[in-house]
Amino acid sequence: MHTSALRIWLKAVLILAASSIFQTASAAVVHVSPQDNLAEIFARARAGDTLKLASGVYQTKLHIDKPITIEGPADRSATIEGDRSGRTIAVHAPDVTLRNLTVTRSGMSLPAMDAGIYLEETAPRALIEHNNIFDNSVGVYLHGSADAMVRENKIVGDATLRVNERGNGVTVWNAPGAQVVGNDISKGRDGIFSNTSTHNTYKNNRFSDLRFAVHYMYTNDSEVSGNISVGNNMGYVLMFSERLKVFDNIAVGSRDQGIMLNYVNYSDIHDNIINKAGKCVFAYNANYDKLSANHFENCQIGIHFTAAIEGTSLHDNSFINNESQVKYVSTRFLDWSEGGHGNYWSDNSAFDLNGDGFGDSAYRPNGIIDQIIWRAPVARLLMNSPAISIVKWAQAQFPAVLPGGVVDSKPLMKPYAPKIQTRYQAMKDELLKEAETRQSEWGRAENGSLN
């Protein structure tokens, strides 16, 4: 390197180093008490400063327009209380951290996007952690805040409102790379509502007293993993999205559906546990998906497929004690075994004479009578009639009488254990008891409040 070029390079390095040292030296820690005017102190603070709030109530709203950290005591006893209008904290600058606070009393207008904490598009890399976010419309609203992290917060909505009047625990709109991790979310409309976004991660959250635990719309290339849904109307409602990874989730006591796949394509849904729901899984026009190693138990319907399911594979799933294992109304045949591996069906009284772990005969969950009842439910009145008995006998004796539908040519003889089976078994009884309690309370919230 020429001497002149070397001097220029060294000068640039020294300038950058000096700038970094100056910024570090200039950043201050400012202690704030409830007797101080928090808004005025914030206005005087410089970029990079940390405001340390003492315990107490700060009746103010904040418009954060500079990179700054606001931090309360570890017990979250510093409360920033709004005036029931607008956003209690609105963040419009990058690299802002809000930690160990209680944030409450936002406005309640859903169209105005009122929220306890609102992150604008100009607020990338925000960190919202270890806060109590109570009694707001939306708890945390990520409105375009790329690469934001919302983690380990307790978010509780306003239970005095009807469900449709409430905001979501966390709303994500067009916030690429944003993550929502390890939060406890309850008493809102949806736990996480993700719309028109990409490359998001929603994991290890706990959801209760909600319409939907996770609600996806047009969110591609994203992950939903390790979450627990207890006693909600639906667990994981995934719609109009592609290339999702959905795994290690639990949903117990879902009133309607544990997992919904509506126009979800090219996605991998594996190692999830659904126990007690109207339908463990409902899939509508979901194509080129892979459902494997899931555990579906005690549902009215194990899995309901309708419309196209082109290219979808199902294998190594366990269907246990569901009233109807499969509902699939079609004349098309589908073989739900992949690579010589089918699924486990608790009502399959098959033999395994060669001991290879697979039933010696194919499993067919539905027959002609099922198809008739799905199309004309009133036909249940004829279930014990001689005519129905003759049809069932004919179907068993003559394979040509079988209608189109699902067949598992290599049914498993033992249930397949998801990766989270051990963890689930340790909490199963507690989750079932909690789900039963929450469902009995939740019914009152649809037309009134839970209080």
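Residues numbered from 1 in each chain as written. Predicted model: local features only at pLDDT ≥ 70, side-chain atom pairs only at ≥ 80, totals over all residues. Heavy atoms only, no water.

1. Overview of the nonpolar core
Right, so step 1: Counting 76 residues, the largest nonpolar core has Leu51, Leu53, Ile64, Leu98 and Leu142 as its most contacted members.
Right, so step 2: At five residues, strand E29 (residues 273-284) tops the list of elements feeding residues into this core.
Right, so step 3: Leave out the neighbours within four places in its chain, and Leu98 touches Ile64, Ile70, Ile89, Val91, Ile117, Leu127, Ile128, Glu129 and Asn131. (Core = buried A, V, L, I, M, F, W, Y, C linked by side-chain atoms within 4.5 Å. Buried < 20%, exposed > 50% of the residue type's maximum accessible area, 1.4 Å probe, protein only. Helix = DSSP H or I, 4+ residues; strand = E, 2+ residues; numbered from the N terminus. Contact = heavy atoms within 4.5 Å.)

2. Looking at the environment of Gly116
Right, so step 1: If you trace the backbone, Gly116 turns up in strand E10 (residues 115-119).
Right, so step 2: Owing to a relative accessible area of 0%, Gly116 belongs among the buried residues under this scheme.
Right, so step 3: Note: C-alpha distance between Gly116 and Ile89 (27 residues apart in sequence) is 6.1 Å.
Right, so step 4: Excluding residues within four positions of it along the chain, Gly116 makes contact with Thr88, Ile89, Val103, Ser106, Asn136, Val138 and Gly139.

3. A short note on unusual backbone geometry
Residues apart from glycine generally show negative phi values, whereas peptide bonds are mostly found in trans.
Right, so step 1: Of note in the backbone geometry, Asn100 takes a positive phi value of approximately 60 degrees without being a glycine.
Right, so step 2: Within the secondary structure, Asn100 is located in the loop between strand E8 (97-99) and strand E9 (101-104).
Right, so step 3: A relative accessible area of 11% means that Asn100 is categorised as buried.
Right, so step 4: Phi is positive for Tyr266, close to 55 degrees, though the residue is something other than glycine.
Right, so step 5: Considering the arrangement of structural elements, one finds Tyr266 in the loop between strand E27 (250-265) and strand E28 (268-270).

4. Topic: the pattern of salt bridges
Right, so step 1: Applying the stated criterion across every chain yields a total of 14 salt bridges.
Right, so step 2: Arg243 is the partner of Asp221 in a salt bridge, and the nearest nitrogen-oxygen pair spans 2.6 Å. Of the two residues, Asp221 is situated in the loop between strand E22 (212-220) and strand E23 (223-225) and Arg243 in the loop between strand E25 (234-242) and strand E26 (245-247); the sequence distance between them amounts to 22 residues.
Right, so step 3: A salt bridge links Asp256 to Arg255, with the shortest nitrogen-to-oxygen separation between them at 3.1 Å.
Right, so step 4: The exposure class of Asp256 is partly exposed, given its relative accessible area of 26%.
Right, so step 5: One continuous salt-bridge network, built from bridges that share partners, spans Lys52, Glu71, Arg99, Glu129 and Arg151. (Salt bridge = Lys/Arg side-chain N within 4 Å of Asp/Glu carboxyl O.)

5. With respect to the confidence of the model for the chain
When pLDDT drops low, the exact placement of atoms in the prediction is not to be read closely.
Right, so step 1: Considering every residue of the chain, the mean pLDDT works out to 88; 82% of them sit at 70 or more.
Right, so step 2: Low pLDDT, under 50, characterises residues 13-25; the stretch is placed with zero contacts to residues that sit more than four places away or in other chains.
Right, so step 3: Predicted confidence is poor over residues 447-451, with pLDDT under 50, and the contacts of this stretch with residues over four places away or in other chains come to 17 contacts. (pLDDT = per-residue confidence, 0-100.)

6. Topic: the environment of His315
Right, so step 1: Position of His315 among the secondary structure elements: in strand E33 (residues 313-315).
Right, so step 2: Note on His315: relative accessible area 11%, which makes it buried.
Right, so step 3: For the pair His315 and Gly342, spaced 27 residues apart in sequence, the C-alpha separation works out to 4.8 Å.
Right, so step 4: In this view, His315 contacts Lys290, Leu291, Ser292, Ala293, Glu338, His341, Gly342 and Asn343; residues no more than four positions away in its chain are not counted.

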